[in-house]
Each structure stands twice: as C-alpha cells, then as structure tokens.
There are 2 protein chains.
Amino acid sequence: MKAGSRAVGIKDVALAAGVSATTVSHVLSDAAYARISPATRSKVRSAAEQLGYGPNRLAQALRSRRSGILGLVSEDIATTPHAGRIILGADEAARARGYTLMVINTSGTAGPGSREADVEALLERQVDGILYATMFHRVVEAPGNLAKVPAILVDAVSTGQGFASVVPDEAGGARTAVEILLHAGHTRIGFLNNTEDVPSTNGRLSGFRDALTSAGLDGGAAPVEAAASDAQGGYEAASRILRGAAPPSALFCYNDRMAMGAYRAAAELGLSIPADLSVVGFDNQELIAASLYPGLTTVALPHYGMGAWAADRLIDAVEGKPGPEPMPMLLACPPVARASVAGPRSGASAR
Amino acid sequence: MKAGSRAVGIKDVALAAGVSATTVSHVLSDAAYARISPATRSKVRSAAEQLGYGPNRLAQALRSRRSGILGLVSEDIATTPHAGRIILGADEAARARGYTLMVINTSGTAGPGSREADVEALLERQVDGILYATMFHRVVEAPGNLAKVPAILVDAVSTGQGFASVVPDEAGGARTAVEILLHAGHTRIGFLNNTEDVPSTNGRLSGFRDALTSAGLDGGAAPVEAAASDAQGGYEAASRILRGAAPPSALFCYNDRMAMGAYRAAAELGLSIPADLSVVGFDNQELIAASLYPGLTTVALPHYGMGAWAADRLIDAVEGKPGPEPMPMLLACPPVARASVAGPRSGASAR
DNA sequence: TTGAAAGCGCTAACAG
DNA sequence: CTGTTAGCGCTTTCAA
C-alpha cells in the first residue's frame, strides 16, 4: 500500500536483464543515438514488463530539465460550468502528447500579488508552460512572472504586452445566431444585450448589426435593449422590447439566462414560443438550454476547443516548434439547434 | 524568458551568503534539528531574497521522496457544473498545506484498463495520494492500482473493498427539504423522484418518508411519482401528481431540473408558485435555481466541502496522521432559501 | 553495440 | 553551530 515501499527502478531492470542501467535507459526512451541490438532490446523490454517497471517522471524531469507538466491557473474555476470543458480540452490535448495538467485556482478579484504567487507556485514545480484561463471572456492584466515560461491566455486577452491567447469569436457567434433567425424568415429581430462593458457585449452587438446589414436590413435601426445578464434582466429587457410599438417577431439574447427571462416575458404576454416569437440564446448552457420548454436554440461557446487549442500550441512552444503569435486567436461559436425557432407568424411582426 | 535559463539554486545562495549549501537548506526549510545562529539565518535569508531564489520542488521531491502533489482523477469532469466546486475545495485545502493538485479526466464509460492507465500516469508523477471523484453520487469499481498510494473517493463509494470516501447525506438533505415545507405548514407533500437506481434516488426517498413520519404524517402514503431526472421528467411527474385526486399543496423534487419541469406543469394548470403550490428542489444548481421565477428554494450539494474534506484527510494520511476510516463520510446538504415556498392556501390541498 | 562516469538541485545523516 | 559526504532515479556525453 505505502507509496515508496520499494519501487522498481531502472537499475532493477538492468540487473534482471543483465545489462547496464544506461542501456535500459536507452532502450526504454528510444534514444535517437545509441544503436542497441534487437536482442538486447527485447531482453530489456521483457524484464521491465515482468518487474512492472514504471518510470519516475520526477527523476526524468530533474535530469532532463523538462517536467512534462503544464500549469493551468484558472480564475474563478467554480463560478461557471465552463471550467470543466476548458480543463477537459486542455487535459486531452496535453495527454495526447505526454503532458499532465497541474491546476491552480485563483480569484479574479485577488490582488496582483496573490496572482503572482499562484504563478510562482507553478514555476517552483518546474512546469514547462502555463495556461492562464478566465471563466468568462475578459481582458486581464497578466501576472508579471507569467512570462518566465511559455504562456497562453484562455478566454482572455491581456492588457498591453504580447501574450498569445484564444477567445470565442463573439461577433461571429452573434452573426450565426442572427442568421438562424434570418433563414427562418424573420426580418424584425430584436437584441437583448448585456449592460457590462466586456468584449462579449460589444462583440455580440456588432455581430448582430452586421448580420442584419448583410441581409439588407437596417442593422442600425434594429431594437436593442440592455439589462443585467441574468434571467431577471432578460425578463425586463424582453418585456420592454415586446411591449413596444411593432415588436419584433424574434429575439436574439446575449446569453441563455437572459433568454430564460425572455421566455417568461413571452408567457406573460400570451406569446407562444416559437409560434408567436422565435428566440435564440448564446452560451449553450446545457442546464438551461435543454431544460427550457421548448428547448432553446443557441450558439455554443468553444470552451473545450479553447482549452485544447491552447494546450496544443503551448506544447509546440515548449518543444521549440513555432508557437502561436502573441495575439488573440478567435474560435468559432457553433449553432446548436433546438426548438425555439420557427418562421414568423404572418406579417413581419408578432402578436 | 526561457525557463531553464539559469535559475538560481541553493548553491548560488550559499556562495552569496558565504556558507555551505547545507546551511542554506537548513535555514530555508526550518529543519527541526541543526541549530543555526540568528546571524547566519538572516544572512542566508537576505541572500536568498536578493537573488530571487525559489526552490526547485522537483529536486526536493526526488530527494525527500515526497512530491507534495495530490492527483485528482475526475470522471466526466465536463458533464456537470459541479466539477469546479470539487476542484476548488480540494485546491484550497491542498494549498493551505503546501500541496498542489494534478488533475486528470477519465471517462465514466471507459473500460477498467483505461482507468488504471489514468491512475498509473499519476503514480509515475509520484503523487503522494489520489482523489478519485465522480460528478454525481454513485458507486464505482475503483481501479486496481488506486490502492498503491493513499486514496479517497469523492462523491462516490466503492464496490467491495475499503476505500475512504465522502458523499452527500442524501437522506438528510431530503429531510431538510421536506422540513422546510413542513414548517411552512404543509401536510400534503408530494415527491417527484428519479427513476434510476442510484444512491441519491433511494436516499432522498427514504429521507422524504422519514421526515413525514417524524412529523406524525403517514410517510408511506404520501404521493411519489418517478420519472427521468430532467425538466421533461419533472413536468410529466408533476402533471400526474397534480392532476390526481386531492393533489398536494407542496412538491419536493429530486433535483432542480425536475423542479423546473414542475414549474411548467404548475403554470399549465393555472397554479401560481408559491401561492398555490410550494416547491423545493435539490442540488442548488445556481443556473437554474436562481434563474427560475420565483427563485427556487432548494438544498445544496456539498461539492466544495467534499473536495476540501477529502484533500485534507488525504494529506493527513499521506503525512502519517490518522487518516479517514475506510468508509463513507456523509456531508450535510444545507438549505438554500429563495422564493418558491409559502404556506398552504387554506385547507390541506392546493387548487 | 554497450557501459562508466558525471551530474540535475536538493536533503539528511554524521562529523567536526 | 556548520560543513562533508552521499545519494534520490534518471539521462547523456564520452570512451571502449
């Protein structure tokens, strides 16, 4: 049971195979130099197999100055369901190339000193590179010591200096969402936006307008109501927009929570979804989108993809292959069709 | 920028302070033996400070045969929002004691071979102990090699052999939920249960009946409808129970998703929550519970607490202090009051 | 085709 | 009080 009981090492294998430790090392690591006879190779291999040999990655790391560990510091890992997908993406990409993730949580509200300490802890563990992730798309001030190893920002861009990063294509996602509505035949489409000044708020708004304009509609004149980015905010914004003159026949919502509020507003007004009102969300929060009735058609945030892309490129950088440019990489937000979209009732307006 | 440029080591500090590396080691690690003069101590300290010395935890680990790393293998980390809270709890508890988390994801549906390989990867990294977590309470067959280091199951219990583990007190949580309804004055309470044969289904059912019986009601006769544990299932079960003869004035739901379905069923029947029908959920999935209107009163799953408790006890075991018994530890599910509970309308039944 | 030797950066007896 | 001496388990010249 106890860990260090007496693990079999390279030496034991050497002894059992009747060769030197050096040879064992050469065989087991497929060293590019050092030719070893096939006979010796198999002798070593079977001895290792038989003794149940497993390498001590710590020792390998110390000697080779490469730990094979990627640090992942995530801001507010517990506040959204997205953390798991970023970690999963990074984990799978890392493992495919022999690396392992070391995860540390940090608070988005903590001072810069504490965040430097978090990175420092990873550095002491000799991580080969660091992934710095936030749980919603924002611009962060990267800790000063982050540049001591290759590093990539996930779901965030840095103020000033050049860190490579990967973020969702907010504008593109919004365009995708609006196009779903356009293709269904809607021409009067409203947008329930967030009030916060973050990249997603601005990106989704411009994507919304672009899509309308590209379709020959007057993007600048389309109704937009902003409110808090939660269900209550969505309810309020939707109520305002739906009670206005010539209310839209379809709503694009900043996120799924706001869409949930829009559902309530619609119900209150006796509007049935999607017959009287079509709705598209953003985020693809399974818990909400799939639980709503009817199911919410939305656009997914590429958390898995961002984690995987970042880990993969980070490893490239670590291994000396050309790493990513120090600029943000945009990942697409794919549509997820459910049941909240249908064609407009008759004219161009609901009700 | 590059990692291994030429990190300052214990030797550089020794040189700068005019002492031996041994002395530096003793000072910096506050070794229990070895008395060192205060003068030397501060000399060493300031030299270390000045050179920006940071220990190489890999080397320390190799020498001391203690890595200070806790492995966390989580089954299906991305399928629920709970992963983040378990990780956060474990991370904070671990860091408070100088440990760091190494996270690996594994698939609940993967074969035993693949799960052993996952544990093996952690073992090669010389983790001091392993936390094996699932994202919903279940009984798992622990990988065979998990016992090679101290290990604790999180949100799961093992078939057969004795692993320590920590799980939510399902029955207690259900009692808490029902008592909220009881205290509000309800006497006819229905239960919307899950159909799967998992610990939470059975535990919550028995807690439901216990609470009623303890209150002098006939727990055995209370209405229970089982369905799939999602919004649709909740809608169906609630519809059945609410359309029955003498429908209950309050509903306890297996989880928040089913509660969401119950909201829809109530709306369809013209029942207003909480005036005509009180509802209590289970899980405290913020996304749903806080977004529903009115806000859902529920009972929280102790993911953060399970992660923290497990990491803390695992470290005890690693450090030779008495570790946890090889049996499941139950953690309470605290109530979270929102706005879905009120007193019954007049008689004992709604409508 | 193989092995001896020299460490990676640090800790821990044991001497002095 | 402090320094010497050995390694932890492995990789990597370099020589045989």
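Computed from a prediction, not measured in an experiment: that's the story for all the values here.

Observations concerning the overall build of chain A
On a plain count of helices and strands, chain A comes out with 12 helices and 12 strands. Its C-alpha atoms give chain A a radius of gyration of 27 Å, clearly above 20 Å, the size a compact globule of 351 residues would have. If one aligns the C-alpha atoms of chain A with their principal axes, the spans along those axes are about 90 × 40 × 40 Å. When each of the 351 residues of chain A is scored for burial, the buried share is 53%.

A few points about the pairing of strand β2 (residues 100-106) of chain B
Successive side chains on a regular strand alternate, one facing one side of the sheet and the next facing the other. Residues and elements named next belong to chain B. The element β2 is largely enclosed, with a buried count of seven among its seven residues. Burial of the side chains of β2 extends over both faces: Thr 100, Met 102, Ile 104 and Thr 106 are buried on one face and Leu 101, Val 103 and Asn 105 on the other. The pairing of strand β1 (residues 69-75) with β2 spans seven bridges and is parallel. Following the sheet pairing, Gly 71 is matched in β2 by Met 102. A crossover connection joins β1 to the parallel β2 through helix α5 (residues 82-96); in handedness this β-α-β unit is right-handed.

A look at the interface of chain A and chain B
On the chain B side, the residues contacting the 52 residues of chain A number 51 residues. Here chain A and chain B share an interface that buries about 4,800 Å² over both sides, 62% of which is from carbon and sulfur atoms. Looking at the side of chain A facing chain B, the largest losses of area belong to Leu 58, Arg 125 and Leu 287 of chain A, adding up to 16% of the total buried there. Close ionic contact of Asp 118 of chain A with Arg 95 of chain B constitutes a salt bridge, the shortest N to O distance being 2.6 Å. The interface formed by chain A and chain B includes 16 residue pairs in polar contact (both at pLDDT 80 or more). Of all elements in the fold, only α4 (57-64), α5 (82-96), β2 (100-106), α6 (112-124), α9 (231-243), α10 (256-268) and α11 (286-289) of chain A reach the threshold of two or more residues within the side of chain A that touches chain B. Within the side of chain A that touches chain B, the residues separate by chemical class into 26 nonpolar, 13 polar and 13 charged. The sheet contact formed by β2 of chain A and β2 of chain B spans three bridges and is antiparallel.

Description of the packing of helix α1 (residues 10-17) of chain B against helix α3 (residues 38-51) of chain B
Residue and element names in this part refer to chain B. Across the interface, α1 lies against α3 with an axial gap of 9 Å and an inter-helix angle of 120°. Between α1 and α3, the interaxial angle falls into the category oblique. Handedness of the α1/α3 crossing: right-handed. Residue-level inspection shows Asp 12, Val 13, Ala 16 and Ala 17 of α1 in contact with α3, the latter providing Lys 43, Val 44, Ala 47, Ala 48 and Leu 51.

Things to note about the protein's contact with DNA strand C
Around DNA strand C there are 24 residues in total, and Thr 23, Thr 40, Arg 63 and Arg 65 of chain A together with Ile 10 of chain B lie nearest to it. Backbone atoms, meaning sugar and phosphate, make up 60% of the atoms of DNA strand C lying within 4 Å of the protein. Between DNA strand C and Ala 59 of chain B, the relevant distance is 3.4 Å, taken from a base nitrogen to a main-chain nitrogen or oxygen of the residue. Of all elements in the fold, only α2 (21-28) and α4 of chain A together with α2 (21-28) and α4 (57-64) of chain B reach the threshold of two or more residues within the surface near DNA strand C. For the surface near DNA strand C, the residue count by class is nine nonpolar, 11 polar and four charged.

Topic: the packing of helix α7 (residues 170-183) of chain A against helix α8 (residues 199-214) of chain A
When two helices pack together, their arrangement is given by the angle between the helix axes and the distance between those axes. Residue and element names in this part refer to chain A. Across the interface, α7 lies against α8 with an axial gap of 7 Å and an inter-helix angle of 40°. By the angle between their axes, α7 is oblique relative to α8. Judged by the sense of rotation from one axis to the other, the crossing of α7 with α8 is right-handed. Where α7 abuts α8, its residues Glu 170, Ala 171, Ala 174, Arg 175, Val 178 and Leu 182 lie against Pro 199, Ser 200, Gly 203, Arg 204, Ser 206, Gly 207, Phe 208, Asp 210, Ala 211 and Leu 212. Tallied by class, the residues present in the contact of α7 with α8 amount to eight nonpolar, four polar and four charged.

Let's talk about the pairing of strand β1 (residues 69-75) of chain A
Residue and element names in this part refer to chain A. Among the seven residues that make up β1, seven are buried, leaving the element largely enclosed by the rest of the structure. Both faces of β1 are covered, namely the face carrying Ile 69, Gly 71, Val 73 and Glu 75 and the face carrying Leu 70, Leu 72 and Ser 74. The sheet contact formed by β1 and strand β3 (residues 129-140) spans six bridges and is parallel. Paired with Gly 71 across the two strands is Ile 130, which belongs to β3.

Structural notes on the protein's contact with DNA strand D
Taken together, 25 residues sit near DNA strand D, with Ile 10 of chain A together with Thr 22, Thr 40, Arg 63 and Arg 65 of chain B positioned nearest. Among all atoms of DNA strand D positioned within 4 Å of the protein, those belonging to sugar or phosphate total 60%. At 2.9 Å from a phosphate oxygen of DNA strand D is found a side-chain nitrogen or oxygen belonging to Ser 25 of chain A. Within the side chain of Arg 65 of chain B, an N or O atom sits 2.2 Å from a phosphate oxygen of DNA strand D.

Some words on the packing of aromatic side chains
All names here are of chain A. As enumerated under the stated definition, the model contains eight aromatic pairs over all chains in all. Ring plane angle 10° and centroid distance 4.8 Å describe the contact between Phe 191 and Phe 252, whose orientation is recorded as stacked. Pair noted here: Phe 191 is in strand β6 (residues 189-194) and Phe 252 is in strand β8 (residues 250-253), with a separation of 61 residues, a long-range link. Neither Phe 191 nor Phe 252 differs from the other in exposure class; each is buried. When the centroid spacing of 6.2 Å and the interplanar angle of 50° are considered together, the rings of Phe 252 and Phe 282 count as tilted. One end of the pair, Phe 252, is in strand β8; the other, Phe 282, is in the loop between β9 (278-280) and α11, with 30 residues separating them in the sequence. Both residues of the pair, Phe 252 and Phe 282, count as buried. Directly above the aromatic system of Phe 282 lies the positively charged group of Arg 204, at a separation of 3.7 Å from the ring centroid.

Some points on the side chain of Arg 264 of chain A
Structurally, Arg 264 of chain A is set in helix α10. Residue Arg 264 of chain A is classed as buried on the basis of its relative accessible area of 19%. Apart from the residues lying within four places of it in its own chain, the contact partners of Arg 264 of chain A are Gln 232 and Tyr 235 of chain A together with Tyr 293 of chain B.

A closer look at the relation of the copies chain A and chain B
Least-squares fitting of chain A to chain B yields an RMSD of 0.1 Å, with the superposition described by an axial translation of 0.0 Å and a rotation of 180°. Those values place the two copies in the arrangement expected of a two-fold rotation axis. With an isologous cut-off of 70% or more, the 98% of interface residues of chain A that recur at the interface of chain B puts this contact in the isologous class.

Digging into the nonpolar core
One finds Leu 192, Leu 251 and Phe 252 of chain A together with Leu 192, Leu 251 and Phe 252 of chain B to be the most contacted residues of the largest nonpolar core, which totals 92 residues. Ignoring anything within four residues of it in the chain, the contact list for Leu 251 of chain A reads Leu 181, Gly 190, Leu 192, Ala 238, Ile 241, Leu 242, Ala 262, Leu 277, Ser 278, Val 279 and Val 280 of chain A.

Observations concerning the sheet that holds strand β9 (residues 278-280) of chain B
All names here are of chain B. In space, the four strands of this open sheet follow the order β7-β6-β8-β9, with parallel pairing throughout. Either end of the sheet is taken by a strand with one partner, and the two such strands are β7 (224-227) and β9. Sheet twist, expressed as the mean angle between neighbouring strand axes with direction ignored, is 20°. The pairing of strand β6 (residues 189-194) with β7 spans four bridges and is parallel.

Regarding the sheet that holds β1 of chain B
If you walk across this open sheet you meet the 12 strands as β11(A)-β5(A)-β4(A)-β3(A)-β1(A)-β2(A)-β2(B)-β1(B)-β3(B)-β4(B)-β5(B)-β11(B), and the pairing is mixed. Only two strands of the sheet have a single neighbouring strand rather than two, namely β11 (328-331) of chain A together with β11 (328-331) of chain B. Strand after strand, the sheet turns through a mean of 25° between neighbouring axes, direction not considered. In this structure, strand β4 (residues 151-158) of chain B lies alongside strand β5 (residues 164-168) of chain B, joined through three bridges in parallel fashion. Across the sheet, Val 154 of chain B pairs through a bridge with Val 166 of chain B, a residue of β5 of chain B.

About the criteria used
- Residues numbered from 1 in each chain as written.
- Chains lettered and ligands numbered in written order.
- Predicted model: local features only at pLDDT ≥ 70, side-chain atom pairs only at ≥ 80, totals over all residues.
- Heavy atoms only, no water.
- Helix = DSSP H or I, 4+ residues; strand = E, 2+ residues; numbered from the N terminus.
- Rg over C-alpha atoms; globule rule 2.2 N^0.38 Å.
- Buried < 20%, exposed > 50% of the residue type's maximum accessible area, 1.4 Å probe, protein only.
- Pairing = 2+ DSSP bridges.
- Right-handed = clockwise from strand over helix to strand, strands pointing away.
- Contact = heavy atoms within 4.5 Å.
- Buried area = accessible area lost by both parts, 1.4 Å probe.
- Salt bridge = Lys/Arg side-chain N within 4 Å of Asp/Glu carboxyl O.
- Polar contact = N/O pair within 3.5 Å; in protein donor to acceptor, adjacent residues only side chain to side chain.
- Nonpolar A, V, L, I, M, F, W, Y, C, P; charged D, E, K, R; others polar.
- Axes fitted to C-alpha atoms, helices over the stretch in contact; angles between N-to-C directions.
- Parallel < 35°, antiparallel > 145°, perpendicular 65-115°, else oblique.
- Left-handed = near helix turned anticlockwise from the far one by under 90°.
- Near = heavy atom within 4 Å.
- Phe/Tyr/Trp six-rings, centres within 6.5 Å; stacked < 30°, edge-to-face > 60°.
- Lys NZ or Arg CZ within 6 Å of the ring centre and 35° of its normal.
- Least-squares fit on C-alpha atoms with pLDDT ≥ 70 in both.
- Core = buried A, V, L, I, M, F, W, Y, C linked by side-chain atoms within 4.5 Å.

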